[in-house]
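Structural overview for review
Here is what each chain is made of, one letter per residue.
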Amino acid sequence: MSFLGLLVFWQATVMYWQPEMLPSPYVISLRIWQETINGSLLANLLATLQRVGLSFVLAMALGVPLGLWMAYSRRADLLLDGIVTVFMNIPALVVIILCFLWLGLNELATVAAVVINKIPVIVVTLREGGKAIDFKLMAVAKAFNISRWRTLLKVYLPQLYPYLLAATRSGLALVWKIVLVAELMGCSDGVGFQLGIYFQYFDIGGILAYTFAFVGIVLLLDGCVIRRWENAVMRWRL
């Protein structure tokens with residue numbers, strides 16, 4: 001309802017003041033339809049989503065075990081904490097530029113830049129999650145001769161799920177933003193590349209059309225996948 005109210009307010013504002021630099025939601029919806037019909041929007045969305053998906057999977061696959069290792073190994077935490085802090089504070093733009101300079105203007109450099117930017121955030125989140133595990137509950141499960149597999153599924157993971165969900169949500173939000181910047185700078189397709197073209201021509205309608213189309217997909221993914229996963233794994237809290 002709040003989003004619908006925003007659209008109504010936006011449309012009313014445009015109809016009343018008629019600002020030159022702000023197309024109405026109706027005009028944006030028509031532009032989305034036109035871009036969809038000619039195939040440009042779908043092709044660029046697919047290219048961006050492929051990069052987002054691959055970067056996200058790689059970042060989670062590397063960041064989750066590394067974060068848990070730092071949570072349970074004092075030596076690993078002391079060794080890697082400074083490195084993680086440094087990478088968390090390096091601007092994403094710097095990482096993207098260096099990856100393009102070192103690896104070239106290709107898919108490997110784009111994915112590498114996104115993964116490098118995302119891993120420290122996942123590591124910090126899962127490190128805190130690992131430290132928050134109540135091992136007294138694990139000891140109780142062992143005392144009742146519960147199998148290790150069942151203990152993992154029913155005792156350990158439920159305590160870790162909130163941190164995995166936080167890493168997933170923040171990960172998607174961060175990854176797609178960095179992917180767009182990388183595409184703007186060094187790719188020949190994708191949403192970021194197309195936004196760069198529209199920027200050069202001061203095409204605000206095209207910029208907003210691509211923005212709302214991609215945001216719509218992200219919201220759909222959050223509502224249909226992440227939120228359902230959250231409801232399934234966090235049902236024990238209800």
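The structure displayed is predicted, hence computed values, not measured ones.

**Concerning the UniProt feature "transmembrane region" (unreviewed entry) in the protein**
- This chain's UniProt record puts "transmembrane region" (unreviewed entry) on residues 53-72, 79-103, 109-126, 160-179 and 199-221.
- End C-alpha to end C-alpha, residues 109-126 measures 26 Å, and it is 100% helix and 0% strand.

**What to know about the pattern of salt bridges**
- One pass over the structure, following the stated rule, counts 12 salt bridges.
- Of the charged contacts in the structure, one is a salt bridge between D81 and R127, with a shortest N-O distance of 2.7 Å. Of this pair, D81 sits in helix 4 (residues 74-89) while R127 is found in helix 6 (residues 107-131), placing the two residues 46 residues apart along the sequence.
- The exposure class of D81 is partly exposed, given its relative accessible area of 31%.
- One network of salt bridges, with partners in common, ties together D77, D81, R127, E128 and K131.

**Details of the UniProt feature "domain: ABC transmembrane type-1" (unreviewed entry) in the protein**
- Taking the numbering used here, the UniProt-annotated feature "domain: ABC transmembrane type-1" (unreviewed entry) corresponds to residues 45-225.
- Across residues 45-225 one finds 89% helix and 0% strand; the C-alpha atoms that close the span lie 18 Å apart.

**Topic: the packing of helix 7 (residues 135-143) against helix 8 (residues 148-186)**
- Taken N-terminus to C-terminus, the directions of helix 7 and helix 8 make an angle of 170 degrees; their axes are 10 Å apart at the nearest point. Considering their axes alone, helix 7 and helix 8 lie roughly antiparallel with respect to each other. Within the contact between the two elements, helix 7 uses L137, M138 and A141 and helix 8 uses T151, V155, Y156 and Q159.
- Looking at the contact of helix 7 with helix 8, its residues break down into 5 nonpolar, 2 polar and no charged.

**Looking at helix 5 (residues 92-103)**
- With 12 residues, helix 5 extends 16 Å from end C-alpha to end C-alpha; this agrees with the ideal 16 Å at 1.5 Å per step.
- Among the residues of helix 5, those classed as buried are V95, I96, C99 and F100. Along the long axis of helix 5, the arc covered by the buried residues comes to 130 degrees, so they all point the same way. For helix 5, the exposed residues lying more than 90 degrees away from the buried face are L101 and W102.
- As for helix 5, its buried residues are in contact with helix 6 and helix 8.

**Here's the deal with helix 8**
- The terminal C-alpha atoms of helix 8 lie 48 Å apart, and with 39 residues this falls more than 12% below the ideal 57 Å at 1.5 Å per residue.
- At L157, helix 8 shows its strongest bend, of approximately 55 degrees, with the proline P158 following within four residues.

**Focus: the nonpolar core**
- Membership of the largest hydrophobic core comes to 51 residues, with the highest contact counts inside it found for V52, V64, I122, L126, Y156, L160 and V191.
- Of all elements in the fold, only helix 3 (40-72), helix 4, helix 5, helix 6, helix 7, helix 8, helix 9 (191-200) and helix 10 (204-233) reach the threshold of two or more residues within this core.
- Within the second largest apolar cluster, 5 residues are counted, among which are W10, V14, I28 and A209.

**Some points on the packing of helix 9 against helix 10**
- For the pair helix 9 and helix 10, interaxial distance at closest approach is 9 Å and the crossing angle is 160 degrees. As judged from the angle between their axes, helix 9 and helix 10 are roughly antiparallel. In the crossing of helix 9 with helix 10, the sense of the turn from one axis to the other is left-handed. Residues V191, Q194, L195, Y198 and F199 of helix 9 form the contact with helix 10, whose participating residues are G206, I207, Y210, T211 and F214.
- Grouping the amino acids of the contact of helix 9 with helix 10 by side-chain chemistry returns 7 nonpolar, 3 polar and no charged.

**Section: the environment of L157**
- Within the secondary structure, L157 is located in helix 8.
- Taking the C-alpha atoms as reference, L157 lies 39 Å from L6; in sequence the two are 151 residues apart.

**So, the packing of aromatic side chains**
- Using the criterion set out here, one finds 4 aromatic pairs in the structure.
- Pairing Y161 with W229 gives two aromatic rings, centres 6.4 Å apart and planes at 80 degrees, and the pair type is edge-to-face. Here the residue Y161 occupies a position in helix 8, and W229 occupies one in helix 10, the gap between them amounting to 68 residues.
- The ring of Y198 carries the charged tip of R31 above its face, separated from the ring centre by 5.2 Å.

**Overview of a nonpolar patch on the surface**
- Together, L93, V94, I97, L98, L101, W102, L103, L108, V181, L184 and M185 make up an exposed nonpolar region whose accessible area comes to about 1000 Å².
- Elements represented by at least two residues in the nonpolar patch include exactly helix 5 and helix 8.
- Within the fold, M185 resides in helix 8.

Analysis parameters
Residues numbered from 1 in each chain as written. Predicted model: local features only at pLDDT ≥ 70, side-chain atom pairs only at ≥ 80, totals over all residues. Heavy atoms only, no water. UniProt positions renumbered as here; feature names shortened; annotations may be inferred. Helix = DSSP H or I, 4+ residues; strand = E, 2+ residues; numbered from the N terminus. Salt bridge = Lys/Arg side-chain N within 4 Å of Asp/Glu carboxyl O. Buried < 20%, exposed > 50% of the residue type's maximum accessible area, 1.4 Å probe, protein only. Axes fitted to C-alpha atoms, helices over the stretch in contact; angles between N-to-C directions. Parallel < 35°, antiparallel > 145°, perpendicular 65-115°, else oblique. Contact = heavy atoms within 4.5 Å. Nonpolar A, V, L, I, M, F, W, Y, C, P; charged D, E, K, R; others polar. Expected span 1.5 Å × (residues − 1). Arc of directions from axis to C-beta. Bend = angle between axes of the 7 residues up to and from the residue. Core = buried A, V, L, I, M, F, W, Y, C linked by side-chain atoms within 4.5 Å. Left-handed = near helix turned anticlockwise from the far one by under 90°. Phe/Tyr/Trp six-rings, centres within 6.5 Å; stacked < 30°, edge-to-face > 60°. Lys NZ or Arg CZ within 6 Å of the ring centre and 35° of its normal. Patch = residues over 30% accessible without salt bridge, like charges linked within 9 Å, V, L, I, M, F, W, Y side chains within 5 Å. Areas by Shrake-Rupley, 256 points an atom, 1.4 Å probe, with all protein chains shown as cover.

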